[in-house]
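# Topology and contacts: notes
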Amino acid sequence: MRARPPGDGGIPQSLSRALDGIRWTPARLSALIQGLPKVETHLHLDGSLSPRTIKDLALLMGDKTIAQKPLAEIERLAVVKSPRASLDEVLASFKLFCRLLREPQAVEEASRRVAQRAAAQNVLHFELRFAPALLAAEAFPQEDVLEAALRGLRRGAAEFGVSSAVIVCLIRDEDLVSDRQNSEMLDLALAYHGRGVVGLDLAGNERARPLSRFKPHYARALKAGLGTTAHAGETPPGDDLDLILDWKLDRIGHGVLAGKRPGILERIRKRAVTIETNPTSNLRTGAVKSLSEHPARSWRRAGIPIAISTDDPGVFGIELGGEYEVLARHWGFGAEDLLAVSLQGLDSLFLPERRKRPLRRRWEALALKALRSLAKPS
Ligand SMILES: [Zn+2]
């Protein structure tokens, strides 16, 4: 039984009772984070390649230049370990290895490995996003890119027990993706709605094409019942946040600048729009000055739902559990907060309620198990 309705920031009564019996220490919180069932909503396929995967894909693709490099060198090139001056500098890391994803086998294997990585973090379900146009090549059309990713995710589900779905990313940058390609990606997302694709996103540089240019795209997605989100408020000016609320999109990607725009946080709170929150990503791209100054810390206090994700675990060399550690160490989140935001992530998934319900039951059973193992006298 839930103590309160979905998305309200509470946890089920069974968990509240189990929490009462535990004396929390930093070590116990870490153990909870490890055992905590999670979901991930904001996760890019091309940002998920670990150095090991990059090397293996290079071998698979016959890319000798990369395949011959030692792992440590690939890591130095691919992983953004410290804060950068701008998002652009981080996006450059994506471009280095994107070419490894231009064949069906590579996209399939990379997607399968995302499921493997998710399973290791106790993820029950994740939404993987990418722009098929960015991975397509002459002999590898957009639809084949999507099919290859879906094959990899199905294999991942069978091998590692993690379910998943795809969010198609339209791209803001005109030099990367044309208007025509964006329209084709939308058509593809709509054609695969209910067959592996659950949502539409807009990614890329916020100074390139504004969200307003994508009004017809989002109108079609909303009409078809696709889940909707857009990267917005990650870099200035952040005025796309207003449009997300005007158009009644389901979620916001990053939204770090929400508090800088008058009335926006109140509108987000009133409509209970979930903000896909990626703490380390925001630090490394320079969107926030420090983890402790991240605005999501106050969003939870204000009753705004947040969904914790890594954004790009490969590019940043991080894992989802580590992001929950950030909440515990830098935001002062206790066990109840950690459970609650994990549940908020689940509630915000682009899934019909009939599919969310069993997932929620599984989440609750696993969370209870994690709590009970901590309540035992050691
Ligand atoms: Zn992102």
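Residues numbered from 1 in each chain as written. Predicted model: local features only at pLDDT ≥ 70, side-chain atom pairs only at ≥ 80, totals over all residues.

## Looking at helix 2 (residues 26–35)
Note the following rule: Counting other C-beta atoms within 10 Å of a residue's C-beta gives its exposure: the residue is buried at 20 or more, exposed at 12 or fewer, and partly exposed in between, where C-beta atoms are placed from the backbone. Runs of E in the DSSP output that reach at least two residues are strands. Runs of H or I that reach at least four are helices, and both are numbered from the N terminus. Note that the arc is computed from the directions linking the helix axis to the C-beta atoms. Whether two residues are in contact is decided by their C-beta atoms, placed from the backbone, lying within 7 Å.
Of all the positions in helix 2, only Leu29, Leu32 and Ile33 are classed as buried. Mapping the buried residues of helix 2 onto a view down its axis gives an arc of 100 degrees, with all of them on the same face. In this structure, the buried side of helix 2 is in contact with helix 17 (320–330), helix 18 (335–347) and helix 19 (353–375).

## Observations regarding the confidence of the model for the chain
Parts of the model with low pLDDT should not have their predicted coordinates read in detail. The cut-off we apply is this: Residue-level confidence of the predictor is summarised by pLDDT, bounded by 0 at the bottom and 100 at the top.
For the chain, the average pLDDT comes to 93, and 97% of its residues sit at 70 or higher. Predicted confidence for residues 1–6 stays below pLDDT 50, and this span has 10 contacts to residues more than four positions away or in other chains.

## Overview of the sheet that holds strand 7 (residues 251–254)
Our working rule: Two strands form a pair only when DSSP identifies at least two bridges running between them. Comment: axis = line fitted to C-alpha atoms, over the contacting stretch for helices; angle = value between 0 and 180 degrees taken between N-to-C directions.
One open sheet holds the four strands; their spatial order is 6-7-8-9, and the pairing between them is parallel. Every interior strand has two partners, whereas the edge strands, strand 6 (231–232) and strand 9 (306–308), have only one. The sheet contact formed by strand 7 and strand 8 (residues 274–277) spans three bridges and is parallel. Within strand 8, the residue paired with isoleucine 252 across the bridge is isoleucine 275. Contacting strand 8 and strand 9, helix 18 crosses the sheet at an angle of about 95 degrees to strand 9.

## Some details on helix 19
Here is the rule: A helix's residues, less one, multiplied by 1.5 Å, set its expected span.
The terminal C-alpha atoms of helix 19 lie 32 Å apart, and with 23 residues this matches the ideal 33 Å at 1.5 Å per residue to within 8%. Each element contacted by the buried residues of helix 19 is listed here: helix 1 (13–20), helix 2, strand 2 (123–130) and helix 18.

## Describing the environment of valine 273
With respect to the helices, strands and loops of the structure, valine 273 is situated in the loop between helix 13 (264–271) and strand 8. The exposure class assigned to valine 273 is buried, which follows from the 23 C-beta atoms found within 10 Å. Between the C-alpha atoms of valine 273 and arginine 251, which are 22 residues apart in sequence, the distance is 5.5 Å. Residues within four places of valine 273 in sequence aside, it is in contact with Arg251, Ile252 and Ile268.

## Some words on the nonpolar core
Our working rule: Think of a nonpolar core as buried Ala, Val, Leu, Ile, Met, Phe, Trp, Tyr and Cys residues, each tied to the set through C-beta atoms within 7 Å.
Counting residues in hydrophobic clusters, the biggest one holds 104 residues, and the most contacted among them are Ile54, Ala131, Ala149, Val166, Leu200, Leu338 and Leu339. Counting residues in hydrophobic clusters, the runner-up holds seven residues, among them Leu87, Val90, Val315 and Ile318.

## Regarding the sheet that holds strand 1 (residues 38–44)
Pairing is parallel across the open sheet formed by five strands, whose spatial order is 1-2-3-4-5. Two strands bound the open sheet, and with one partner strand each, they are strand 1 and strand 5 (227–228). As defined by bridge partners, strand 2 adjoins strand 3 (residues 163–171) across six bridges and the pair is classed as parallel. Residue pairing in the sheet places arginine 129 in a bridge with isoleucine 167 of strand 3.

## Description of unusual backbone geometry
Cis geometry is found at the peptide bond from proline 236 to proline 237, where omega equals 5 degrees. With respect to the element layout, proline 237 can be found in the loop between strand 6 and helix 12 (240–246). In the Ramachandran plot, aspartate 311 falls in the positive-phi region, its phi being about 75 degrees despite a non-glycine side chain. Here aspartate 311 lies in the loop between strand 9 and helix 16 (313–316). Take aspartate 311: there are 29 C-beta atoms within 10 Å of it, and that puts it in the buried class.

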